[in-house]
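Listed here are the chains, written in short residue letters.
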Amino acid sequence: MTDQSQQSQGGPNCLTVMGALTLVMLVVMLVLSVLAWNTVGGLFGGLGQGLEDIKEAIVGVPEIVSTAVADALKTETRAKTDTKLELAESIQSMGTLVTASHKGAADVNNSVRGGFLNLCGVAVDHRADVTVEAGVDLAQVSASDLSHDAGTNAWILTLGAARIHSCRVDYIKQHEATFTLCRQDWDDYRLLAEFDALKEMRDQVLVEGLLPNAELVAGEVLANLVKAIAGSDNVSIVFESEPDVEFPESCLREPPTGWKFDEESDSWLRE
């Protein structure tokens, strides 16, 4: 009786203990499930935020790249603009670049009519050494005369045409004259000879190509200057028009006062 009674009392106690343990396990599993869910949710939430951040970063890449490229181009443009200004100032400082010179001797024979029936006429020979110089005016060059191709690093400088810069008589000597009993103005004859010598030489150098030669040499000098400052071997010098044949004042000397040349008699006459 006693054993059966104890067994009957022990059965419910075991069931109670088992039930309590089961309940505790269910509670623990529930808690773990909640924790796991929160953890996974937080994980996916963080992952989602990370994906959003990556997306925003990717979307921002083109803008960042374009900004960097734009800044680089601005820097390059600014650098090239500064180079243009430096080149223009260096070229301007050269003023008139004389790049061609012709030195020649002229034998001038002047016939001078004078007196009744030309009784006081005389023929006078002079030898004159004359120099004619040509070049390019650089004083007005500006940055707008320079163009640059960033792709090929090519530079083009556009200039005005070459022109005669000056004419001068370096030496003149009278070496022969016809006999005459009349009083003569030998100094005026020398001035007439200078006038003729300058006219002869300035016309001669145009025929012989002094101006194209001046442009050729000027192009070489300026190309080397641009190469040195711009750091490019791709340099072209362009002259915008044909050489200018207009003469400066030093090449347009007038005959002495009171004299004129008579085409019919091919001689000088005092007016």
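Parameters and conventions
Residues numbered from 1 in each chain as written. Predicted model: local features only at pLDDT ≥ 70, side-chain atom pairs only at ≥ 80, totals over all residues. Heavy atoms only, no water. Pairing = 2+ DSSP bridges. Helix = DSSP H or I, 4+ residues; strand = E, 2+ residues; numbered from the N terminus. Axes fitted to C-alpha atoms, helices over the stretch in contact; angles between N-to-C directions. Core = buried A, V, L, I, M, F, W, Y, C linked by side-chain atoms within 4.5 Å. Buried < 20%, exposed > 50% of the residue type's maximum accessible area, 1.4 Å probe, protein only. Contact = heavy atoms within 4.5 Å.

(A) Spotlight on the sheet that holds strand S8 (residues 267-270). Spatially, S5-S2-S1-S8-S7 is the arrangement adopted by the five strands of the open sheet, whose pairing is mixed. Edge strands, defined here as strands with exactly one partner in the open sheet, are strand S5 (163-177) and strand S7 (259-262). In this sheet, adjacent strand axes meet at a mean angle of 35 degrees when their direction is disregarded. Bridge count for strand S1 (residues 96-113) against strand S2 (residues 122-137) is 16 bridges, and the pairing is antiparallel. Counted as the bridge partner of Leu-97 is Val-136 from S2.

(B) Region of interest: the nonpolar core. Of all hydrophobic cores here, the largest spans 40 residues; its most connected members are Leu-159 and Ile-164. When contributions to this core are tallied by element, the ones reaching two or more residues are helix H1 (2-92), S1, S2, strand S4 (154-159), S5, helix H2 (186-208), helix H3 (210-230) and strand S6 (235-239). Among the elements that take part in this core, H3 stands out by supplying eight residues, more than any other. With residues near it in sequence (within four places) discarded, Leu-159 still touches Val-136, Leu-138, Val-141, Leu-222, Ile-237, Val-238, Phe-239 and Glu-240. Among the nonpolar cores identified, the runner-up in size contains eight residues, and Val-112, Val-122, Tyr-189 and Leu-192 belong to it.

(C) Looking closely at the sheet that holds strand S3 (residues 146-149). The strand order across the open sheet built from three strands is S3-S4-S6, with neighbouring strands paired in mixed fashion. Two strands bound the open sheet, and with one partner strand each, they are S3 and S6. Here the strands of the sheet are splayed against their neighbours by 20 degrees on average, with no regard to which way each runs. On top of the sheet, H3 reaches S4 and S6; it is set at about 140 degrees to S6, its chief contact.

Just distances and angles here, no functional claims.
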